[in-house]
Amino acid sequence: MRRGRRAALAASLILAIAAAPAAAMAQTVDELYASGVKARQAQHFDEAADLFRRALALKPDNADALVQLGFAELGRNDLAAARDAFSRALAIAPTYRDASFGMAEVEFRSGNLDAALPLAEKVAQADPGNADAAALVDNIRKARQAGQARPVPTAAAPAKETPRRRPDPVAVQLEEGRRLRAAGKLPEAEQAYRRALKLAPRNTDILVALGLVAGSSRRFDEAGHFFDRALAIRPGLLDARLGKVRLAIWQGDVPRARALVDGVLATAPDNVEALALDGRIALLEADYARAGQSFQRVLALEPRNAEALVGLGDVRRAEGDDEAARQAYHQALAVEPGSADIEQRLAVPPPRKWRLDLGSEVSDLTNGLGDWTDSSAGLAYRLTPRTTISGRTRVATRFGHTDVQIEGRIDQAFTPAFSAYALAAATPDADFLARYSIGAGASWQVVAPAKAFGPLSLNIDARYDNFADTNVTSIQPWLQAYILDGRLGFSARWVHAEDDIGTRADGYVLRADLAVTQRVNLFGGYADAPEISDGTLVPTRTVFGGISFDVSDPLTLRASIAHEQRPTFDRSIFGFGLTARF
């Protein structure tokens, strides 16, 4: 049985969040920057350099982080790396005085006094109160006067050279884990993080990273344990709190995810990752206005944020504007060339708004009563992502008489979890079908999809049929549940029917659906419920089954078979049909 478009959209959105960039595993840019400054001030230059590089991985054009990285590299006596950092900062912000001062320091330590002096003088003249700049100018002049090439220590540089330290093994394993996770190699990334955890059991970056890897691998309990350990060490840690937001989304618990992200935004309203998650959650809530606003806020803070551009594209696609969605995806791909996630979105064909359904049944009756036929043709059009209108014509033949029925229907999805429909049908010059009918129904998804169980839906259908000499009202509440990652579904329906003279009949219908492959679906079931035949409630027992095959994305073929036992005859039914989407 073909699954609904909205369920597919929700699933694709959940998968999109699970595949978020590796940058989400790190602390925010501001937190990394602040930690790096503290480490540099404490002369922990290796740690500081690592923190600034991680910040730059999230925001490559952050001139402040580049300048601080340059000073950390100066502390490590890596003049080439310091020169590169200051040069990149000046390319972004040519008038950045600290970058010019850092470059002057590099030239001074390199013995390039003629290049160092004008740089230092320019900073000192622009900021007369800068004691470090004044001291550097004075030292350069003294060195020139004395003909010295060896630099004199300044307030900005340590008094004696610090020997290059061996790479921090924890930082090495963390970087390896990030690289592997970005490449989609989750088991290998987890091994790298676990090696790092053995070296630093209380490192919250490692714990959060392991939580995200476990969550991406759908080991939700384990992921929650890692996040809780990180919060026990550093209560209120933003990375761990955001990790729990993602965990709630992966588990399909949208209300919990909403509560958690609202709590984060209350304390960090401009946190880019929290805003992006807020947009994702709003998409799952079908609140497209809020989702768009959240992603736009991210782009106002970071115009080249690929995750926000992708999110904005998802909003436009959910709103039915595929062209605008593709524009956003192309912008994101320019930021992250070669991204498989973005390329998959671009590979999705434009939505097909029309659906044609054709079907025909031939019934063989026992006791020499001949054959019945029942054929239909329906056409549906999706007005918006939430609204579909359709029409259907049915031609039925029984005992030499033919009725033609015309039906109109509208389906409306109010939220991703709740939808409803209404229909009306009429049969001109009816012989055995209802002269007119009206009906309505609703579906409420009470449990969201999860790997082991779900979705679980509560449904109800109601119908009123007017025949030439009687009226029949039927009500059918039913339950539908899926297990095995949505591959196996069960439904149980209670059928109650009553005519206008008080005759009542009750029964039930049981059905199972199995997705054998992505293209092949089987169904089967048993019913002991009244059939409405020419206004009469006929007790009927039915065994039925069928198959559907998706020949391609736009075309599905169907076949079914059923056997009925009625009080006066048995009936064998053979059905064929197709659905075409365009």
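Our structure's up above, just so we're on the same page.
Because the structure is predicted, anything quoted here is derived from the model rather than measured.

Draft legend 1. How the structure looks around the nonpolar core. Among the nonpolar cores identified, the biggest contains 41 residues, and Val-67, Phe-86, Phe-108, Leu-136 and Ile-140 are the most heavily contacted of them. Those elements that place two or more of their residues in this core are α2 (29-41), α3 (45-58), α4 (63-75), α5 (79-92), α6 (97-109), α7 (113-126) and α8 (131-146). When residues of this core are assigned to their parent elements, the largest contribution, eight residues, is made by α4. In this view, Phe-86 contacts Val-67, Gly-70, Phe-71, Leu-74, Asp-98, Ala-99, Gly-102, Met-103 and Val-106; residues no more than four positions away in its chain are not counted.

Draft legend 2. Structural detail: a nonpolar patch on the surface. Residues Phe-414, Phe-418, Trp-444, Val-446, Leu-458 and Leu-479 make up a contiguous nonpolar surface patch of roughly 520 Å² in combined accessible area. Along the polypeptide, Leu-458 turns up in strand β7 (residues 453-466).

Draft legend 3. Spotlight on helix α15 (residues 272-284). Here α15 spans 19 Å end to end across 13 residues, near enough to the 18 Å set by a 1.5 Å rise per residue. Burial runs high along α15: 13 of the 13 residues are buried. Among the residues of α15, the N-terminal cap falls to Asn-271, whose side-chain oxygen and the backbone nitrogen of Glu-273 are separated by 3.1 Å.

Draft legend 4. Summary view of the pairing of strand β5 (residues 418-426). What you see with β5 is a clean split: Ser-419, Tyr-421, Leu-423 and Ala-425 sit on the buried side and Phe-418, Ala-420, Ala-422, Ala-424 and Ala-426 on the side with no burial. Examined bridge by bridge, strand β4 (residues 401-413) and β5 share eight bridges and lie antiparallel to one another. For Gly-408, the partnering residue across the bridge sits in β5 and is Ala-424. Pairing of β5 with strand β6 (residues 436-447) involves nine bridges; the strand directions are antiparallel. The residue of β6 that forms the bridge with Ala-420 is Ala-442.

Draft legend 5. Looking closely at the environment of Ile-547. Inspection of the secondary structure puts Ile-547 in strand β12 (residues 536-552). Relative accessible area serves as the criterion here: at 37%, Ile-547 is assigned to the partly exposed category. Non-local contacts of Ile-547, meaning those with residues more than four positions away in its chain, are made with Val-520, Asn-521, Leu-522, Phe-523, Leu-557, Arg-558 and Ala-559.

Draft legend 6. Structural view of the packing of helix α11 (residues 204-216) against helix α12 (residues 220-233). Two elements in contact, α11 and α12, have axes separated by 7 Å at closest approach and are oriented at 165°. Viewed along their axes, α11 and α12 adopt a mutual orientation that is roughly antiparallel. Read as a crossing pair, α11 and α12 show a hand that is left-handed. Here Thr-204, Leu-207, Val-208, Leu-210, Gly-211, Leu-212, Ala-214 and Gly-215 of α11 come into contact with α12, specifically with Phe-220, Glu-222, Ala-223, Phe-226, Phe-227, Arg-229, Ala-230 and Ile-233. Class assignment of the residues belonging to the contact of α11 with α12 gives a composition of eleven nonpolar, three polar and two charged.

Draft legend 7. View of the side chain of Arg-571. Examined against the element boundaries, Arg-571 turns out to sit in strand β14 (residues 570-581). Within the structure, the side chain of Arg-571 is placed 3.0 Å from the side chain of Ser-363, a separation counted as a polar contact. Ignoring anything within four residues of it in the chain, the contact list for Arg-571 reads Glu-361, Ser-363, Asp-364, Leu-365, Trp-372, Ala-562, His-563, Glu-564 and Arg-566.

Draft legend 8. Structural detail: the environment of Leu-197. In this fold, Leu-197 is placed in helix α10 (residues 186-199). On the basis of relative accessibility, which here comes to 12%, the residue Leu-197 falls in the buried class. As for Leu-197 and Gly-75, which are separated by 122 residues in sequence, their C-alpha atoms are 28 Å apart. Not counting residues up to four positions away in its chain, the partners in contact with Leu-197 are Ile-206, Leu-207, Leu-210 and Arg-229.

Draft legend 9. Inspection of unusual backbone geometry at higher detail. Positive phi values are uncommon outside glycine, yet Asp-429 reaches one of about 50°. Of note, Asp-429 is situated in the loop between β5 and β6.

Draft legend 10. The pairing of strand β2 (residues 371-384), seen in detail. Sheet analysis places strand β1 (residues 354-365) next to β2, joined by eleven bridges and oriented antiparallel. By the bridge assignment, Asp-364 is partnered in β2 with Asp-371. Here β2 runs beside strand β3 (residues 387-398); their pairing, made up of eleven bridges, is antiparallel. Bridge pairing links Asp-374 to Ala-396 in β3. The antiparallel pairing of β2 with β3 creates a hairpin that spans two residues between the two strands.

Calculation criteria
- Residues numbered from 1 in each chain as written.
- Predicted model: local features only at pLDDT ≥ 70, side-chain atom pairs only at ≥ 80, totals over all residues.
- Heavy atoms only, no water.
- Core = buried A, V, L, I, M, F, W, Y, C linked by side-chain atoms within 4.5 Å.
- Buried < 20%, exposed > 50% of the residue type's maximum accessible area, 1.4 Å probe, protein only.
- Helix = DSSP H or I, 4+ residues; strand = E, 2+ residues; numbered from the N terminus.
- Contact = heavy atoms within 4.5 Å.
- Patch = residues over 30% accessible without salt bridge, like charges linked within 9 Å, V, L, I, M, F, W, Y side chains within 5 Å.
- Areas by Shrake-Rupley, 256 points an atom, 1.4 Å probe, with all protein chains shown as cover.
- Salt bridge = Lys/Arg side-chain N within 4 Å of Asp/Glu carboxyl O.
- Expected span 1.5 Å × (residues − 1).
- Polar contact = N/O pair within 3.5 Å; in protein donor to acceptor, adjacent residues only side chain to side chain.
- Pairing = 2+ DSSP bridges.
- Axes fitted to C-alpha atoms, helices over the stretch in contact; angles between N-to-C directions.
- Parallel < 35°, antiparallel > 145°, perpendicular 65-115°, else oblique.
- Left-handed = near helix turned anticlockwise from the far one by under 90°.
- Nonpolar A, V, L, I, M, F, W, Y, C, P; charged D, E, K, R; others polar.

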